[in-house]
Amino acid sequence: IDPKAEGHLKDIIILAVNTGMRPGELLGLTWDRIDLRNKLILFNPDDQKNKSAGAVPLNDEAYRVIRDRRFRSKTYVFEYLGKPIKSVKRSFNTALRNAGIPIIKGSSPKMLRHTCATWMVQHGVHLKKVAKVLRHKNITTTEIYTHLTDADAREAVNALVSRKVSR
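S.K.: Tell me what's going on with the overall build of the chain, and back it up with residues and numbers.
M.R.: For the chain, the count of helices and strands is nine helices and five strands. Each helix and strand of the chain, ordered N terminal to C terminal, gives the series α-α-α-β-β-β-α-β-β-α-α-α-α-α. When its C-alpha atoms are laid out on the principal axes, the chain stretches across 70 × 40 × 25 Å. Sequence-distant contacts in the chain: of pairs separated by 6 or more residues, those separated by 24 or more amount to 58%. Taken as a whole, the chain presents about 10,700 Å² of accessible surface, with 54% of it coming from carbon and sulfur. For the chain, the distance from the average site of its 31 positive side-chain charges to the average site of its 16 negative ones is 3 Å.

Have a look at this one:
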């Protein structure tokens, strides 16, 4: 595992699945953009792919990670020897391999953004709310991020039973 990312990977994974942030946003995250009082990560237009200002709310898990990292680094939330970590892809794939998870083509920390979106939808969060968290301007983009299973489809049709729609 890359020593620069080794001690940070768990926190990066927790933040990614609890905020839906892009890997580059996480690795470039600076303390001046964190509002601990309101539990928010703030984005300027230059910080985001969609070039608009925005914010990501912190749930309790994400807040705990941020709070616990507060005095470990000076400028960046994830830094090594005072410089931001540039990538965790190699350590991410090593962690997958060590956990016995097959590495498929395209495996990368960005998959965690997809995981975040999928889990929210699986827990009944409306797609428009998921789009807001992921900061997508177009809900069609959000649909690409949600990967539902046959079990999710069965749950959806079973929800209709309570509606008593019959002949």
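S.K.: So what about the packing of helix 2 (residues 9–19) against helix 4 (residues 60–69)? Which residues, and what values?
M.R.: Packed helices, taken two at a time, are described by the angle their axes make and the gap between the axes. At a minimum axis separation of 8 Å, helix 2 and helix 4 run at an interaxial angle of 145°. The handedness of the crossing between helix 2 and helix 4 comes out as left-handed. Taking contact as the criterion, the partners of Asp11, Ile14, Leu15, Asn18 and Thr19 in helix 2 are, on helix 4, Glu61, Ala62, Arg64, Val65, Ile66 and Arg69. For the contact of helix 2 with helix 4, the per-class residue count stands at five nonpolar, two polar and four charged.

S.K.: So what about the packing of aromatic side chains? Which residues, and what values?
M.R.: A complete count under the given rule lists zero aromatic pairs for this structure. The cationic tip of Lys39 hangs over the ring face of Tyr63; the distance from NZ or CZ to the ring centre is 4.8 Å.

S.K.: Which residues make up the side chain of Arg33, and what values go with them?
M.R.: Mapping Arg33 onto the fold places it in the loop between helix 3 (23–27) and strand 1 (34–35). Other than its neighbours up to four places away in sequence, Arg33 contacts Glu25, Gly28, Leu40, Ile41, Leu42, Phe43, Asn44 and Asp47.

S.K.: Could you give an account of empty space enclosed by the protein, naming the residues involved and the relevant values?
M.R.: Counting across every chain of the model gives one cavity of 30 Å³ or more. If you trace the largest cavity, you find it lined by Ile12, Ala16, Pro23, Leu26, Leu27, Val88, Pro109 and Leu112. Elements supplying a minimum of two residues to the lining of the largest cavity: helix 2 and helix 3. Broken down by element, the residue count for the lining of the largest cavity peaks at three residues, all from helix 3.

S.K.: Residue-level account of the nonpolar core, with values.
M.R.: Within the largest apolar cluster, 26 residues are counted, with the highest numbers of intra-cluster contacts made by Leu15, Met21, Leu29, Ile34, Ile41, Ile66 and Val77. Contributing elements (two or more residues each) for this core: helix 2, helix 3, strand 2 (40–43), helix 4 and helix 5 (89–98). Considering every element that reaches this core, the biggest residue donor is helix 2, with six residues. In contact with Val77, other than residues within four places in its own chain, are Leu29, Trp31, Ile34, Ile66 and Arg69. Counting residues in each nonpolar core, the second largest holds seven residues, with Cys116, Met120, Val133 and Leu134 among its members.

S.K.: Tell me about the environment of Lys129, and please be specific about residues and values.
M.R.: Looking at the element boundaries, Lys129 is found in helix 7 (residues 127–134). Between the C-alpha atom of Lys129 and that of Thr142, which follows or precedes it by 13 residues, the distance is 9.9 Å.

S.K.: A description of the layout of surface pockets should follow, citing residues and the corresponding values.
M.R.: Approximately 200 Å³ is the volume found for the largest pocket. Along the walls of the largest pocket sit Val17, Asn18, Pro57, Leu58, Asn59, Cys116, Trp119, Met120 and Val133, which together make up its complete lining. The set of elements that each furnish at least two residues to the lining of the largest pocket consists of helix 2 and helix 6 (111–122). Top element by residues in the lining of the largest pocket is helix 6. It accounts for three residues.

S.K.: Mind laying out the packing of helix 6 against helix 7, listing which residues take part and the relevant values?
M.R.: Where helix 6 contacts helix 7, the two axes come as close as 10 Å, and the packing angle between them is 150°. Relative to helix 7, helix 6 is oriented roughly antiparallel. Crossing angle aside, the handedness with which helix 6 passes helix 7 is right-handed. On the side of helix 6, the interface is formed by Arg113, Ala117, Met120 and Val121, while helix 7 contributes Leu127, Val130, Val133 and Leu134. When the residues that make up the contact of helix 6 with helix 7 are grouped by side-chain class, the tally is seven nonpolar, no polar and one charged.

So, how was this worked out
- Residues numbered from 1 in each chain as written.
- Predicted model: local features only at pLDDT ≥ 70, side-chain atom pairs only at ≥ 80, totals over all residues.
- Heavy atoms only, no water.
- Helix = DSSP H or I, 4+ residues; strand = E, 2+ residues; numbered from the N terminus.
- Contact = heavy atoms within 4.5 Å.
- Areas by Shrake-Rupley, 256 points an atom, 1.4 Å probe, with all protein chains shown as cover.
- Lys, Arg positive; Asp, Glu negative; His and termini not counted.
- Charge placed at Lys NZ, Arg CZ, Asp CG, Glu CD.
- Axes fitted to C-alpha atoms, helices over the stretch in contact; angles between N-to-C directions.
- Left-handed = near helix turned anticlockwise from the far one by under 90°.
- Nonpolar A, V, L, I, M, F, W, Y, C, P; charged D, E, K, R; others polar.
- Phe/Tyr/Trp six-rings, centres within 6.5 Å; stacked < 30°, edge-to-face > 60°.
- Lys NZ or Arg CZ within 6 Å of the ring centre and 35° of its normal.
- 1 Å grid on protein atoms, 1.4 Å probe; cavity = no way out; pocket = protein on both sides within 12 Å on 5 of 7 lines; lining within 4 Å.
- Points joined across faces, edges and corners; volume = space filled by probe spheres on them.
- Core = buried A, V, L, I, M, F, W, Y, C linked by side-chain atoms within 4.5 Å.
- Buried < 20%, exposed > 50% of the residue type's maximum accessible area, 1.4 Å probe, protein only.
- Parallel < 35°, antiparallel > 145°, perpendicular 65-115°, else oblique.

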